[in-house]
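So the chains spell out like this:
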Amino acid sequence: MQGLDGLVTACLVEPDSAFVLDTVVGKPATEADTTAEAPDDGAVAATISAAASDVVQVIGLMTSSLGDPDELEDVTITFGRKHHLITPLPEAGVDGLLVVVTLDRARTNLALARQQLRALGPLLRHAIQPPAIEPDHGS
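Reading the values: the criteria
Residues numbered from 1 in each chain as written. Predicted model: local features only at pLDDT ≥ 70, side-chain atom pairs only at ≥ 80, totals over all residues. Heavy atoms only, no water. Helix = DSSP H or I, 4+ residues; strand = E, 2+ residues; numbered from the N terminus. Buried < 20%, exposed > 50% of the residue type's maximum accessible area, 1.4 Å probe, protein only. Areas by Shrake-Rupley, 256 points an atom, 1.4 Å probe, with all protein chains shown as cover. Salt bridge = Lys/Arg side-chain N within 4 Å of Asp/Glu carboxyl O. Expected span 1.5 Å × (residues − 1). Pairing = 2+ DSSP bridges. Axes fitted to C-alpha atoms, helices over the stretch in contact; angles between N-to-C directions.

### So, the overall build of the protein
When you go through the protein residue by residue, the secondary structure sums to 4 helices and 5 strands. Counting from the amino terminus, the protein carries its helices and strands in the arrangement β-β-α-α-β-β-β-α-α. Among the 139 residues that make up the protein, the fraction classed as buried is 30%. As displayed, the protein has an accessible area near 8900 Å², and 56% of this comes from carbon and sulfur atoms.

### Notes on the pattern of salt bridges
It is possible for side chains of opposite charge to pair when their charged atoms get near one another. Tallied over the full model, the rule gives 5 salt bridges. Residue D74 is joined to R114 by a salt bridge in which the shortest nitrogen-to-oxygen separation is 2.6 Å. Linking D74 in the loop between α2 (41–66) and β3 (75–78) with R114 in helix α3 (residues 110–118), this pair joins segments that are 40 residues apart in sequence. Of the charged contacts in the structure, one is a salt bridge between D104 and R107, with a shortest N-O distance of 3.1 Å. The class of R107 is partly exposed, set by a relative accessible area of 29%. Through salt bridges that share partners, E73, D74, R114 and R118 make up one connected network.

### Considerations on α2
Here α2 contains 26 residues, and its C-alpha end-to-end distance of 37 Å stays within 8% of the 38 Å for a straight helix at 1.5 Å per residue. Every buried residue of α2 is accounted for by A45, S49, A52, S53, V56, I59 and T63. Directly beyond the C-terminal end of α2, a positive phi value near 75° is found at G67.

### Considerations on the pairing of β3
Sheet topology places β3 next to strand β4 (residues 82–88); 4 bridges connect them, and they run antiparallel. Residue I77 lies in a different strand from β4, and its bridge partner there is H84. Following β3, the chain reverses through 3 residues before pairing antiparallel with β4.

### As for unusual backbone geometry
If you check the backbone angles, A18 has positive phi at about 60° while not being a glycine. Position of A18 relative to the elements: it lies in the loop between β1 (7–14) and β2 (19–25). On the accessibility criterion, A18 (22% relative accessible area) is partly exposed.

### Re the sheet that holds β3
Note on sheets: strands pair through backbone hydrogen bonds, and any given pair is parallel or antiparallel. As summarised here, the arrangement of the 5 strands in space is β2-β1-β5-β4-β3, forming an open sheet in which the pairing is antiparallel. Of all strands in the sheet, those bounded by a partner on one side alone are β2 and β3. Recorded for the sheet is a direction-independent mean angle of 15° between the axes of neighbouring strands. Pairing geometry for β1 and β2, over 6 bridges, is antiparallel. Among the inter-strand pairings, E14 is bridged to a residue of β2, identified as F19.

Here it is as structure tokens:
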């Protein structure tokens with residue numbers, strides 16, 4: 001996640017409870033950004049993640065009421081200075097797991113960031129699943 005250009009924060013979220021499993025805080029763009037008084041990025045990320053869970057639930061209700069069988073790929077919310085990306089990760093093997101990323105709009109290639117986030121699912125599947133234990137046949 002640290003490799004995403006313009007990363008402000010990224011959270012791995014369980015959407016039913018809005019529980020944040022892990023948070024990554026990006027590097028500031030300049031030295032001035034490190035000295036400027038800013039809110040706690042972790043607390044802000046948790047608030048954004050809870051809201052992202054609500055957004056995904058609303059979109060799920062909307063598509064089910066329309067009878068649309070298509071699955072949500074991602075949600076992009078753009079403000080003046082930031083993009084918020086909400087990406088479900090069904091490939092991770094955990095039903096409903098989301099990654100919620102906040103990016104500095106001036107330092108981000110949005111299309112590249114979306115591709116990188118979609119690639120996380122298979123990587124997380126390997127990280128979440130424990131390695132298979134070989135039976136001991138005795139020697």
